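What follows is the residue order along each chain.
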Amino acid sequence: MHSIPTTAPASHVRLAGPFIVLCAGLVGCATTSMTARAARVPVLLGPVACIGCTAATSPPASTAWPISDSVHRSGGYMLLPYLGNVDFFGANAPGIDLKAESMAPDPCKAEVRVSGLIAESFGVVAFVYAKSEQTVDLEGHVQILPSGTCGPRPWPYSGPQGIVYLDPVPSPGASP
Amino acid sequence: MNRVLPLVIASIVGVAGCAGAHLEITATQSRYAISMSQVVRDGSGRLYDHHSLEYVGSLDTGRTRLGFFYSALTPLSTFDISEDVNAQVSAAGGEAVVGLTVSASDGCDILNNFAIFNILPLWPGCVPVTVTGDIVRRRSPLSAAASSSVDTGFATTSVRRAP
């Protein structure tokens with residue numbers, strides 16, 4: 001009796017997806033990062049709120065609104081009966097810079113004080129399902145510094161995400 | 001198919017395991033200002049950006065922590081970067097750290113996703129965390145004016161003076 005050739009993938013082919021996911025985990029080259037490099041307001045961690053200050057001499061701030069952000073990266077696979085492997089992946093970028101600017105009525109007088117910054121890595125394996133996830137969570141408050149000023153700036157200037165602003169430079173002594 | 005599905009579900013539930021860890025990053029004893037953006041204020045409230053700040057070095061530190069009981073317990077779950085910040089900023093002659101970036105890598109996936117073994121509550125998971133940033137100090141007014149048309153390279157966006 002002759003065997004009938006089938007088009008079903010061999011077992012080693014079906015395990016290729018999980019194997020690749022496992023090898024990617026061994027390399028450990030993918031990262032999830034929380035930063036606010038595009039923000040025009042200080043996003044401060046720690047007790048010292050200004051350059052050249054100490055914790056005791058940092059100027060007081062008032063009017064705080066809570067702010068939070070989270071970045072995560074996840075990936076994994078699922079083995080579905082009769083269907084094969086399904087790999088999945090998801091990630092998002094930090095948005096604390098845009099959130100801070102949208103919440104601050106005046107970027108020249110606003111700043112963010114970070115109260116919590118937590119990184120987490122987690123993995124789950126359930127026979128035909130595996131998922132790996134890295135997360136960085138940020139919590140803080142948007143605060144108003146009454147004495148805050150932007151100082152001189154060049155023209156034109158760029159804001160978050162590289163947007164170039166062409167509004168005129170205020171003359172010295174002019175009210176903002 | 002009707003007989004296979006309960007077996008698949010039972011297998012999924014029966015052999016499910018997980019592992020991981022978490023780490024809180026703090027800077028409670030820092031002697032320098034640390035900003036996750038590229039700007040920082042001075043004592044008078046004036047904002048300093050990459051035109052008025054001079055890059056003098058890089059901050060680079062990190063820790064890896066183990067977690068147990070399916071990530072519920074992470075001993076030494078607080079990482080205070082103050083000591084590293086104080087030492088590296090002082091060594092570089094800087095005044096503050098800007099562009100602070102906290103990264104968690106997938107370098108622990110082999111532990112967190114170790115099939116069968118991570119069913120055990122004592123199987124360790126872990127989280128590798130890297131903290132980087134730019135060490136800066138204030139420019140003198142003259143050098144700040146001269147450099148305002150030059151991209152210093154440590155900012156993600158560059159601004160050039162109009163002709």
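Quick caveat, the model's predicted, so the values are computed rather than measured.

(A) Spotlight on the overall build of chain A. Secondary structure summary: chain A contains 3 helices and 8 strands in total. Going residue by residue from the N terminus, the α and β elements of chain A occur as α-α-β-β-β-β-α-β-β-β-β. With 176 residues in all, chain A has 38% of them scored as buried. Nonlocal contacts in chain A, meaning residues at least 24 apart in sequence, comprise 69% of its contacts between residues at least 6 apart.

(B) Main features of the overall build of chain B. Secondary structure assignment for chain B yields 4 helices and 8 strands. The buried share among the 163 residues of chain B stands at 48%. Summarising the internal contacts of chain B: among those between residues at least 6 apart in sequence, 79% fall at separations of at least 24. Working note: accessible area of chain B is about 7,300 Å², and carbon and sulfur atoms make up 61% of it.

(C) Highlighting the pairing of strand 7 (residues 96-105) of chain B. Within strand 7 of chain B, 10 of the 10 residues are buried, which leaves the element mostly enclosed by the surrounding structure. Pairing of strand 1 (residues 31-34) of chain A with strand 7 of chain B, which is carried by 4 bridges, proceeds in the antiparallel orientation. Within strand 7 of chain B, the position partnered with Ser33(A) by the bridge is Ser103(B). Summarising the sheet, strand 7 of chain B and strand 8 (residues 125-138) of chain B pair through 7 bridges and their orientation is antiparallel. Bridge pairing in strand 8 of chain B places Val102(B) opposite Val131(B).

(D) Focus on the state of the cysteines. Residue and element names in this part refer to chain A. Summed over all chains, the structure comprises 3 disulfides over all chains. Between the sulfur atoms of cysteine 108 and its disulfide mate cysteine 150 the distance is 1.9 Å. On the S-S bond that ties cysteine 108 to cysteine 150, the torsion sits near -100 degrees, and the link is left-handed. Taken together, the residues span a long stretch of sequence, with cysteine 108 in the loop between helix 3 (96-103) and strand 5 (110-125) and cysteine 150 in the loop between strand 6 (129-144) and strand 7 (157-158) at a distance of 42 residues. On the basis of relative accessibility, which here comes to 27%, the residue cysteine 150 falls in the partly exposed class.

(E) A look at the environment of Gly62(B). All names here are of chain B. Looking at the secondary structure, you find glycine 62 in strand 5 (residues 53-67). For glycine 62, a relative accessible area of 29% gives the class partly exposed. Spatially, the C-alpha atoms of glycine 62 and valine 131 are 5.6 Å apart, while their sequence positions differ by 69 residues. Excluding anything up to four places from it in sequence, glycine 62 contacts Phe79, Val129, Thr130 and Val131.

(F) Local environment of the nonpolar core. With 40 residues, the main nonpolar core has Leu45(A), Leu117(A), Ile25(B), Met36(B), Ile81(B) and Leu100(B) as its most contacted residues. Among the elements that make up this core, the one with the highest residue count is strand 5 of chain A (5 residues). Val48(A), Ala96(B), Val98(B) and Val136(B) belong to the second-largest nonpolar core, a separate cluster that totals 13 residues.

(G) Representation of the interface of chain A and chain B. Across the boundary between the two partners, chain A contributes 72 residues, which contact 71 residues of chain B. Carbon and sulfur atoms make up 59% of the area that chain A and chain B hide from each other, which totals about 5,300 Å². Of all residues in chain A, the largest losses of buried area upon contact with chain B belong to Arg37(A), Leu45(A) and Ile51(A), amounting jointly to 16% of the total for that side. At the boundary of chain A and chain B, one finds 3 salt bridges. A salt bridge links Arg73(A) to Asp106(B); its shortest N-O distance comes to 3.9 Å. Going through the elements one at a time, helix 2 (16-27), strand 1, strand 2 (43-45), strand 5, strand 6 and strand 7 of chain A are the ones with two or more residues in the side of chain A that touches chain B.

What counts and what doesn't
Residues numbered from 1 in each chain as written. Chains lettered and ligands numbered in written order. Predicted model: local features only at pLDDT ≥ 70, side-chain atom pairs only at ≥ 80, totals over all residues. Heavy atoms only, no water. Helix = DSSP H or I, 4+ residues; strand = E, 2+ residues; numbered from the N terminus. Buried < 20%, exposed > 50% of the residue type's maximum accessible area, 1.4 Å probe, protein only. Contact = heavy atoms within 4.5 Å. Areas by Shrake-Rupley, 256 points an atom, 1.4 Å probe, with all protein chains shown as cover. Pairing = 2+ DSSP bridges. Disulfide = S-S within 2.5 Å. Core = buried A, V, L, I, M, F, W, Y, C linked by side-chain atoms within 4.5 Å. Buried area = accessible area lost by both parts, 1.4 Å probe. Salt bridge = Lys/Arg side-chain N within 4 Å of Asp/Glu carboxyl O.

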